[in-house]
Structures are given as structure tokens and as C-alpha cells.
Amino acid sequence: MTVITLLTDFGDLDGYPGVMKGVIWTIAPQVQIADISHSISPQNVFQGALTLARSAPFFPPGTVHVAVVDPGVGTHRRPLAMKLGEHYFVGPDNGLFTLVLERAELLGVMVDIVHLDQPDYWLPDVSRVFHGRDIFAPVAAHLSSGVSIEILGTPIINPVRLPVPKPVNNGTGLLGQVIHIDHFGNLSSNIHKDLFTQTRAVAVNIKGKTIDGLVSTYGDRLPGSLVALIDSSGYLSISLVNGDASESLHTTIGDPVELLFL
Amino acid sequence: MTVITLLTDFGDLDGYPGVMKGVIWTIAPQVQIADISHSISPQNVFQGALTLARSAPFFPPGTVHVAVVDPGVGTHRRPLAMKLGEHYFVGPDNGLFTLVLERAELLGVMVDIVHLDQPDYWLPDVSRVFHGRDIFAPVAAHLSSGVSIEILGTPIINPVRLPVPKPVNNGTGLLGQVIHIDHFGNLSSNIHKDLFTQTRAVAVNIKGKTIDGLVSTYGDRLPGSLVALIDSSGYLSISLVNGDASESLHTTIGDPVELLFL
Amino acid sequence: MTVITLLTDFGDLDGYPGVMKGVIWTIAPQVQIADISHSISPQNVFQGALTLARSAPFFPPGTVHVAVVDPGVGTHRRPLAMKLGEHYFVGPDNGLFTLVLERAELLGVMVDIVHLDQPDYWLPDVSRVFHGRDIFAPVAAHLSSGVSIEILGTPIINPVRLPVPKPVNNGTGLLGQVIHIDHFGNLSSNIHKDLFTQTRAVAVNIKGKTIDGLVSTYGDRLPGSLVALIDSSGYLSISLVNGDASESLHTTIGDPVELLFL
């Protein structure tokens, strides 16, 4: 029993993710299917890449992750499948896999990437505007059924990569930025916990506010307090206890976050 | 292993679709369940009918589709089950199945419809306000377990049908209307690609704008361009590349769409 | 084949419920997973408790219900598992299980509760901010795989309970309050049908309006009518036929609802 995950910007109105499940179960009736998110902002490839990278590692070996945030659908952008260690990824070649690929390279696992060019493994009629249904879902189903990746396409080594903003050490600390705002209004930065010693005294500057020290969890301060902590993905994050930090601070993606060493 | 799909206007707040899954898995523990949409606008039977008709064909033979947009729940409106070719449909007799029925008739497949009147196949206590849980979910589970449709009810031949707006040939082209606005703001018309030769030169009029010719996909024009194309269901559709055509044009369902033959 | 349900305030943006499914299927690949709701208002434990109590009874014996509305995650609040009759519940000790526990006690079923304190059944690295992923999902998977509850923790008898507002008999009738507003704007009160004889003549007062008598279902009155009825969970409820009663009456949770005996 294998698992296929779906991550898209399709929303929940029109039945597009459901249709992908129909296609998958027609080919691979036993597979389990998990929705990761269908609420990625339309055409926001980076947000998709980030959510995928934070979710995929928690799935079992053999999982096939289908990701479709695809403004270039039906153009010359290539459809891809990748094997990164024991996980598969299927979707458009537009940078959506940048972060899972970086992680695979960091971990030193085997990386195989193919340009999907074997229509025998697609639906018979391929629309120019819905490759999620017509190419990626059937390819994922075939992968989960044991078809090997090299049969599905031609090896490539140059997938598109997005620029990923990295924090800068400016002498007094690390200067990063907000890269994700979650459902609760928590602000996730690009400053990973491995970049600094957590026993060191720090302060965090964001939107003109200074937060003294890190807490371990939200409940370490009173409701309404602004706190800094390491989030569940290992990144420095700013939260408002029992509230919405993003709303309170009027932040947007890209706002500077500074970690000061004291 | 069979599949049951769920399409409702129940939203995602209250757990109603989850409860239907509990009922289904109590009767048919092995069945796979796919959500098509629970975001149909409250009581919008036509939107439900359209989304169902566009999704159902992509599921495997034997799939049971449960659809519940049901303002008349608990009144004299009949609960129905249908076998249309190799797919089953279960839900209220209010027109929700108009489009899948039209398609079945067009394809010439076998059509069997029953008025569900056998409470042995329902939950023991039937609420007057939640037939999705108490009648349709258990009936679907029994169908997926192999109970045949004629055991579940009495044959009928006159299910309720919604009026379906059809495009008109006005001499210079086809005059249709917007029948669906999707999550991306794409405007789907009721003008099907089979109604005209796609190699013919055309223009599209909508909300006082004229769009010259059809493109094959969004990325054929620059971001911000208004384009006309054939969508993934085969209908003439208007999109704003990397944007929201509905918001930009201030359209609503029913707005005229004109395809001009040049 | 057992079932695990998920109910959280995680929303659908970030992939958190999907990650929990990945963790579960890594441990228990065969289990079916149903989302009950991920749209509980952030930190609204009572709303979670209510939705859980209304949904859980419709799942098969052996179902494991994971509920995570958890403002105290990572603090001294205990992680719990409960066996209430033939259903299991897993989540934080903050009152989220108050209503399922009350119901179990009312029905006289066996109640076993443990403080989860056996990290062997958790993920190896436990974040302080995402116990849904790191503790509750793996514990649920182990329960569904047959690990018995007493192995997972230490028995306790004093789980946290929320105050539950009960209706008051004021001589002329029952004075209750709005405890839930659903996706359709239906107003659910805390006045259960068992508290009064439904053949008795009644009127309902809410927000200065008086509704004469109860109907059996929405369609018993014309669209736009305000009606009172018994909802699918057995509670007195106020609806606007084909409309949104909450919007029309400007109600909020806690607004008084009076059932007058005539």
C-alpha cells in the first residue's frame, strides 16, 4: 500500500483535486491519497515549494508527491518526475521542487530526474490547461504501481530552480526575512536553528518591535504577548500568543527579521 | 475496491462530510472516498450539477457519486439512486443529476433510476434535515458493497431536470453565457468546442471587451492579457493570464458571452 | 481496517493535517483517515469539543479520533488518550473531550483515560509546538494497529472539563443559548429535544423575534421564513429557509434562545 500526496493551488470549489483522485484510483485502486494543501495562492510557486518541502519528509518511503502550481501549463515548460532518495515527486518544471531538491542534495541521497515524454502513461486526451489531471495524476499512479521512473521519461540534470532567500550574517546577528505566514498568523523566517547556538542570548527585531529571547512554546508567555521561537520545521518564527502575529504586525512575505546576538 | 465520491454544499466547518464518511465506512470499510467539493454555494443546485458532471467521468467504473445540495430535504422531494452506464449517483430529486443524465442519454448508455423507499438500507433514525448522513451515505455504501439498485427503491422515469441554458446561433456567431466561475476566476461559458470549427477565425465578446482569436493555453500570452481558450472540460472559457478574469471584468453567472465567426 | 478521524484548528493552507496523515500511514499503512474539520476557529476548544461530539458517534467501533485544538501545546498540559466504550480519543487535556466524555458517562460505557507518557510511541524528535504531528498522530496510529491504551500512558481520572452552558427552566419555558452557528448560518441552541414534549405548543424567542411553533424541516415554510426545528443532532435550532439566519439576525455564540411553552 503506497501513498500519493496532492499539493496544488486549485482551491476547494471546482472539484479539480477530486478529479485527480478519480484518475489515480482508476489506475492504482489501492493507493492511499493525502491532500497536503489545495490553498496555495494561485500561481505562487515558492509558497508551494515551501509547503511541499516541510510536509514531504513526514510521509513513508515510496510516497509519490504530486505538486501542481503551474502558470506555464501547456507551454514549453517541461513536465517532470523525480526520485529523491525514497520519495517521488511529479509536477511542472518551474522551481516547485527547488527546496526538496536542495534538501536531497544536502542529505546526499540519490537524485534521478526525468522529463516526462512518454504519453503512454498519460490520459489518452491531454488538455493544454490541466496537466494535473491528464499527465501528473496518471504518472503518479503508475509510479505508485511500480513502474520505474526511467520508463516514464528522459533523464535530465537541469531542473528549474527558484532563487531562495538566505539569511545574511551582518556582524551583530543574522538578517533574514519572513518566508511564510501560516493559518494562525505565525511568521516563519528563513533563519534555521542550525545557524546559531540556541543557548546564546538573543533578541529578535521585526517591524520596529524587539522581542527579548526565545521561548520554547506559545504558552510560555501570557496571551497577547509577542514571542519568538523555533517552529515545528526548525525555523525562527514570531507568534502572538493566542493571537495572529501577522495581523497585529501588518507583515507581508519578505519583511525583514533580524536575530541579534547579545 | 470501489470508490465513493462526495459533493455537497456543506462547507468545511461542521464535520458534515466527515460524518458521512463515518456512516459509509461503518457499512463498507474497504471503500475509498474522494471529496469532489463541499464548497458548492448553499442551495445552488445548478452549480452542484455542473461540478458533478465535469468530475464524475474521471472516476473508475463502479464509482458511486453522492451529491447533496438539498434545500428540499425532508419534504416530498424524492431521494434517488441512478445507474448511468457503469457509474452510480445518489441524492435528492431536485435536478442535481440533470447534466450527468443528459450526458448518459447522449452517450446512449443504460439508465436506471429508483426512488429510494427501502428504509432497511438507511440509518435506523432518519432526521428530517440531514438525508446525506441518514439516507444517501448508507445507500451509497450498500451500492458499493454490491447491493443492486433495484433492491434499494422503486423504478421511476421522471426525475426532476433543471433548465440548462443552451447557446444560440444568431447568424454571426454563438451567443452563450457564463455558467461557472472557478477558483482562479476563469469564466466558463456554455459554448462547447463541438459547436464550432476551431480552425475558423473567431473573436469573443464579453462585458464590452473583444478578444481576438483563441489561444491554446494561458501562457500563450503575457501576464495580464485577457485570453479565450477551450477549458479542460471542453468549453469556451475566458481567462486573465496569471490573474482573475472574473474580478477584472466584474462578471457574474449568466453574463453573455458571444463567439463571433470572422 | 480501522478508521482514524482528524479534527483541528489547523486550516487548509499549511499542510499540517496532511503531515499528520503521513505520520499515521508510516506506522499504520492500512488505516482509513477521515477529516472531520480543520476549520475550528483558532484556539476555540469548545467549538472543537462540540463538533467532535456531534460527529464521533457516526463512526464505526474501533475508530480513533484525533482532536487538536491546543493553545497550551508544549506546556504542562497533559497529552491524553481515552477509550470511551468502543471509540478512542487522542489529544490535549484542555477540555476538548468534555462532551464525548459526558455522553459516555450518560450512556454508562466503560471509560479509560491515560496520560500519554511513553515516548517510545511518539516520533523520535518531539517539537514543543506541533504535538499533533509528533505525539497524537503516532499514538493514534499505534492504537489503530492494536497497541492497547494502557501501554501508551498512565491512568488518570481527572481530565480537564470545560463548563458547558445548560438551559434553565424559568417557569414559562426553557432559557438556553446559541452554542453553534453552522456553515449555512443555522443557529444551534443547547436545548435538546429530550428536555420537552414535542407535541406541546411552543414558540421560540430569539433576538427580539418570536417564531410560532416548530417545523419538521426547512422546506415546510417559504424561502425567507424564519423557522425553528430540531436539528440533525437533536437540538432546537433556528434557520432562515434558503438563507442565513445568523447573518439575518446578527447573532453570535451565547445569544439567548427562549423556548416558550404555550
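Residues numbered from 1 in each chain as written. Chains lettered and ligands numbered in written order. Predicted model: local features only at pLDDT ≥ 70, side-chain atom pairs only at ≥ 80, totals over all residues. Heavy atoms only, no water.

### Remarks on the packing of aromatic side chains
Stage number 1. Across all of its chains, the model carries 15 aromatic pairs over all chains by this definition.
Stage number 2. Each ring, one from A:Phe10 and one from A:Phe130, has its centre 5.6 Å from the other, and the planes form 90°; the classification is edge-to-face. Taken together, the residues A:Phe10 in the loop between β1 (3-8) and α1 (16-27) and A:Phe130 in the loop between β6 (111-116) and α4 (131-144) connect sequence positions 120 residues apart.
Stage number 3. When its relative accessible area of 6% is taken as the criterion, A:Phe130 is described as buried.
Stage number 4. Seen in terms of ring centroids, C:Phe10 and C:Tyr16 are 5.8 Å apart; in terms of plane orientation they differ by 80°. Their pairing is edge-to-face. Here C:Phe10 and C:Tyr16 have matching classes, each one buried.
Stage number 5. Aromatic rings pair up to connect A:Phe10, A:Tyr16, A:Phe130 and B:Phe184 into one cluster.
Stage number 6. Over the ring of A:Phe261 we find A:Arg200, and its NZ or CZ is 4.1 Å from the ring centre. (Phe/Tyr/Trp six-rings, centres within 6.5 Å; stacked < 30°, edge-to-face > 60°. Helix = DSSP H or I, 4+ residues; strand = E, 2+ residues; numbered from the N terminus. Buried < 20%, exposed > 50% of the residue type's maximum accessible area, 1.4 Å probe, protein only. Lys NZ or Arg CZ within 6 Å of the ring centre and 35° of its normal.)

### Observations concerning the relation of the copies chain C and chain A
Stage number 1. The transformation that overlays chain C on chain A combines an axial shift of 0.0 Å with a rotation of 120°, and the residual RMSD is 0.0 Å. Those values place the two copies in the arrangement expected of a three-fold rotation axis. Among all residues of chain C, the one whose C-alpha sits closest to the rotation axis is C:Gln32, at a distance of 4.8 Å.
Stage number 2. Mapped onto chain A, only 6% of the interface residues of chain C are again interface residues, and the two copies thus contact each other with different surfaces. (Least-squares fit on C-alpha atoms with pLDDT ≥ 70 in both. Contact = heavy atoms within 4.5 Å.)

### Notes on unusual backbone geometry
Residues and elements named next belong to chain A.
Stage number 1. Backbone geometry at Lys207 places phi at a positive 50°, although glycine is not the residue there.
Stage number 2. Along the chain, Lys207 turns up in the loop between β11 (202-206) and β12 (209-212).
Stage number 3. A relative accessible area of 42% means that Lys207 is categorised as partly exposed.
Stage number 4. Here His250, not a glycine, exhibits a phi torsion of approximately 50°, which is positive.
Stage number 5. Looking at the element boundaries, His250 is found in the loop between α6 (245-249) and β15 (256-261).
Stage number 6. Taking the relative accessible area as the measure of exposure, His250 reaches 63% and is therefore exposed.

### A word on the relation of the copies chain C and chain B
Stage number 1. Superposition of chain C onto chain B requires a rotation of 120° combined with a translation of 0.0 Å along the rotation axis, giving an RMSD of 0.0 Å.
Stage number 2. When the interface residues of chain C are mapped onto chain B, a mere 6% of them again fall at the interface, so the copies present different faces.

### Quick notes on the interface of chain C and chain B
Stage number 1. Each partner contributes to the interface: chain C provides 35 residues, whereas chain B provides 31 residues.
Stage number 2. For the chain C and chain B pair, buried surface summed over both sides reaches about 2600 Å², with 57% attributable to carbon and sulfur atoms.
Stage number 3. Taken as a group, C:Phe58, C:His183 and C:Phe184 account for 24% of the area that chain C buries against chain B, more than any other trio of residues on that side.
Stage number 4. Between chain C and chain B we count zero salt bridges in total.
Stage number 5. Where chain C meets chain B, there are 14 residue pairs in polar contact (both at pLDDT 80 or more). (Buried area = accessible area lost by both parts, 1.4 Å probe. Salt bridge = Lys/Arg side-chain N within 4 Å of Asp/Glu carboxyl O. Polar contact = N/O pair within 3.5 Å; in protein donor to acceptor, adjacent residues only side chain to side chain.)

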